[in-house]
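The primary structure of each chain is shown beneath.
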Amino acid sequence: MSEDINEGPQVTDGTVKTETEEDKINGLPGVGAATAEKLMVTGFDNLMSISVASPGQLVDVAGVTEATARKIIYAARDKLDMGFESGEDLLKKREQIVKLTTGCKAFDEMLAGGFESGSISECFGEFGSSKSQIAHVLAVRVQLSKDQGGADGSVIFLDGESTFRPERIIQIANGLGLNHEEVLKNIKVARAFNSDHQMLLAEKSEDIIKEGINGLPVKLLVMDSLTSHFRADFSGRGELAVRQQKLNRHMHVLMKLANQYNLCVYVTNQVMAKPDMFFGDPTAAIGGNIVGHNSQTRIYLRKGKKGTRVGKLIDSPYLADTEAIFKITENGMEDV
Ligand code: GTP
Ligand code: MG
């Protein structure tokens, strides 16, 4: 398990840690010992995290001027040589990707194996379409071994709607013959009270990810629901732009976590039950382009006949736009 435990930037930048990250940060122009210290303790403890930071963030945490912050960021980017990766590096990265299975063959096949680590997957659909149930299923199944379709991983569950149900985790774990107490211990849940709090929780999750949970690397981060707080907090007409900006920032944090630590980020997004809204372009309604562009895998969920649910892959760059029918049962998700 140690080879893919969350080790930070190595996953993405391919550097070898001969010089420590602290040395590298100390070596950046404009970074003295005090600034380095501030950066380190606030989580900017590797070149990757600095190079993807905004100047404003560094101003806030390190008390440097904006000009200096820019200089630091550019220097970190230079050092990282980021932006270009060889085809071989990309192939290596692809090979590290884990696919989390759902227990429903049709659904897994639609996803060419399952929910992928290293990127954001989004399920969107009306109330009761199974967005939260899938979150629970994944939170248990990620703890299975790789042979069994899991990732030997632990879970961060960010709960924006009070949807997390330990009883449901127990049911699904028992169905798989897992020790449900262990399974529950490996899920860290935090309730988000508003959109700002939600954004903060996503950022703070990095500390847990770096540590792992009970010795297990975090392989799944759930954000259920991604959008509801943003909708509620910025509901006025004039607030749309601010909302989208914040949502964009939030998603970048999530994307960075997914990419840097090779974990699966699963987000949910509710849409109104207005069927006519989905003729033509079913993705038009949801969180604007911001959410869509930041989710690599998007699945539209709807209620099917006789209590079934239907998932449809949307806008996938490399998978066919297929559908999968499933049902939610005591054990989790199953084929019909
Ligand atoms: P909103 O969050 O309201 O937008 O809905 P959602 O898409 O998250 O739906 P959710 O996943 O909560 O529920 C989907 C369906 O799962 C429900 O309509 C129920 O039929 C079923 N379900 C929910 N809880 C359980 C449970 O504990 N056991 C079983 N067997 N089915 C459940
Ligand atoms: Mg829900």
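Residues numbered from 1 in each chain as written. Chains lettered and ligands numbered in written order. Predicted model: local features only at pLDDT ≥ 70, side-chain atom pairs only at ≥ 80, totals over all residues. Heavy atoms only, no water.

## A few points about the overall build of the chain
Then step 1. On a plain count of helices and strands, the chain comes out with 15 helices and eleven strands.
Then step 2. The long-range fraction of contacts in the chain, counting pairs at least 24 apart against all pairs at least 6 apart in sequence, stands at 67%.
Then step 3. Summing over all exposed atoms, the chain offers an accessible surface of approximately 15700 Å²; the carbon and sulfur share of this is 52%. (Helix = DSSP H or I, 4+ residues; strand = E, 2+ residues; numbered from the N terminus. Contact = heavy atoms within 4.5 Å. Areas by Shrake-Rupley, 256 points an atom, 1.4 Å probe, with all protein chains shown as cover.)

## Examining the pattern of salt bridges
Then step 1. Per the counting criterion, the structure on display carries nine salt bridges.
Then step 2. The salt bridge involving Lys-303 is made with Glu-126; its shortest N-O contact spans 3.8 Å. Taken together, the residues Lys-303 in strand S8 (residues 297-303) and Glu-126 in the loop between strand S3 (120-125) and helix H9 (131-141) connect sequence positions 177 residues apart.
Then step 3. Lys-303 sits in the partly exposed class, given a relative accessible area of 33%.
Then step 4. Connected through salt bridges with shared partners, the residues Arg-94, Lys-99 and Glu-116 form a single ionic network. (Salt bridge = Lys/Arg side-chain N within 4 Å of Asp/Glu carboxyl O. Buried < 20%, exposed > 50% of the residue type's maximum accessible area, 1.4 Å probe, protein only.)

## Examining the site of ligand 1
Then step 1. Around ligand 1 there are 15 residues in total, and Gly-128, Lys-131, Ser-132, Gln-133 and Gln-270 lie nearest to it.
Then step 2. One of the side-chain N or O atoms of Ser-132 is found 2.8 Å from an oxygen atom in ligand 1.
Then step 3. Separating an oxygen atom of ligand 1 from a side-chain N or O atom of Arg-168 is a distance of 3.5 Å.
Then step 4. When ligand 1 sits alone it has 660 Å² of accessible area, and the protein chains cover 64% of it.
Then step 5. Listing elements by their share of the shell around ligand 1, those giving two or more residues are H9 and strand S10 (323-329).
Then step 6. Tallying contributions element by element places H9 first for the shell around ligand 1, with three residues.
Then step 7. Class assignment of the residues belonging to the shell around ligand 1 gives a composition of two nonpolar, seven polar and six charged. (Near = heavy atom within 4 Å. Polar contact = N/O pair within 3.5 Å; in protein donor to acceptor, adjacent residues only side chain to side chain. Nonpolar A, V, L, I, M, F, W, Y, C, P; charged D, E, K, R; others polar.)

## Concerning helix H3 (residues 33-41)
Then step 1. Listed in full, the buried residues belonging to H3 are Thr-35, Ala-36 and Leu-39. Along the long axis of H3, the arc covered by the buried residues comes to 100 degrees, so they all point the same way. Structural note: H3 exposes Ala-33, Ala-34 and Val-41 on the side pointing more than 90 degrees away from its buried face.
Then step 2. Buried residues along H3 sit against helix H2 (21-26), helix H4 (47-51) and helix H5 (55-62).
Then step 3. Remark: Gly-43 follows H3 within two positions and exhibits a positive phi of approximately 95 degrees. (Arc of directions from axis to C-beta.)

## Regarding the pairing of strand S11 (residues 332-335)
Then step 1. The pairing of S10 with S11 spans four bridges and is antiparallel. For Lys-327, the partnering residue across the bridge sits in S11 and is Glu-334.
Then step 2. Where S10 hands over to S11, the hairpin turn is made up of two residues, counted between the paired strands. (Pairing = 2+ DSSP bridges.)

## Some points on the environment of Ala-62
Then step 1. As for its placement among the helices and strands, Ala-62 is situated in helix H5.
Then step 2. Sequence spacing of Ala-62 and Thr-35 is 27 residues, and the spatial spacing of their C-alpha atoms is 5.7 Å.

## As for the confidence of the model for the chain
Interpretation of this model should avoid reading the predicted coordinates in detail wherever pLDDT is low.
Then step 1. Residues of the chain with pLDDT of at least 70 account for 88%, and the chain-wide mean is 87.
Then step 2. A low-confidence stretch, residues 1-17 (pLDDT under 50), is modelled with 39 contacts involving residues beyond four sequence positions or located in other chains.
Then step 3. In this model, residues 278-285 is a region of pLDDT below 50 whose contacts with residues beyond four sequence positions or in other chains number ten contacts. (pLDDT = per-residue confidence, 0-100.)

## Details of the nonpolar core
Then step 1. By size, the foremost hydrophobic cluster in this structure holds 34 residues, and its most contacted members are Leu-100, Phe-107, Phe-115, Ile-134, Leu-220, Tyr-266 and Ile-299.
Then step 2. Secondary structure elements with two or more residues in this core: helix H8 (105-110), H9, strand S4 (154-159), helix H10 (166-175), strand S6 (218-224), strand S7 (264-270), S8 and S10.
Then step 3. At six residues, H9 tops the list of elements feeding residues into this core.
Then step 4. Those residues in contact with Tyr-266 that sit more than four places away from it in its chain are Phe-115, Ser-121, Cys-123, Lys-131, Ile-134, Ala-135, Leu-138, Leu-220, Leu-221, Val-222 and Met-223.
Then step 5. Membership of the second largest hydrophobic core comes to 27 residues, among which are Ile-209, Ile-213, Leu-221 and Val-267. (Core = buried A, V, L, I, M, F, W, Y, C linked by side-chain atoms within 4.5 Å.)

## Notes on unusual backbone geometry
Then step 1. At the junction of Asp-224 and Ser-225, the peptide bond is cis and its omega measures out at 0 degrees in the coordinates.
Then step 2. Checked against the element boundaries, Ser-225 lands in the loop between S6 and helix H13 (228-233).
Then step 3. Unusually for a residue other than glycine, Ser-162 sits at a positive phi of about 55 degrees.
Then step 4. Following the sequence through the fold, Ser-162 ends up in the loop between S4 and H10.
Then step 5. With a phi close to 50 degrees, Lys-306 is a non-glycine residue in the positive phi region.
Then step 6. In this fold, Lys-306 is placed in the loop between S8 and strand S9 (309-314).
Then step 7. On the accessibility criterion, Lys-306 (85% relative accessible area) is exposed.

## Things to note about the sheet that holds S10
Then step 1. Overall, mixed pairing links the nine strands, which are arranged S5-S4-S6-S7-S3-S8-S9-S10-S11 in an open sheet. Since the sheet does not close on itself, it has two edges, and those belong to strand S5 (187-191) and S11, each with one partner. Between one strand axis and the next, the sheet turns through 25 degrees on average, direction left out of account.
Then step 2. With four bridges joining them, S6 and S7 adopt parallel strand pairing. Looking at S7, one finds that Leu-220 is bridged to Cys-264.
Then step 3. Set on the sheet, helix H12 (residues 195-211) makes contact with S4, S5 and S6; between it and S4 the angle comes to about 170 degrees. (Axes fitted to C-alpha atoms, helices over the stretch in contact; angles between N-to-C directions.)

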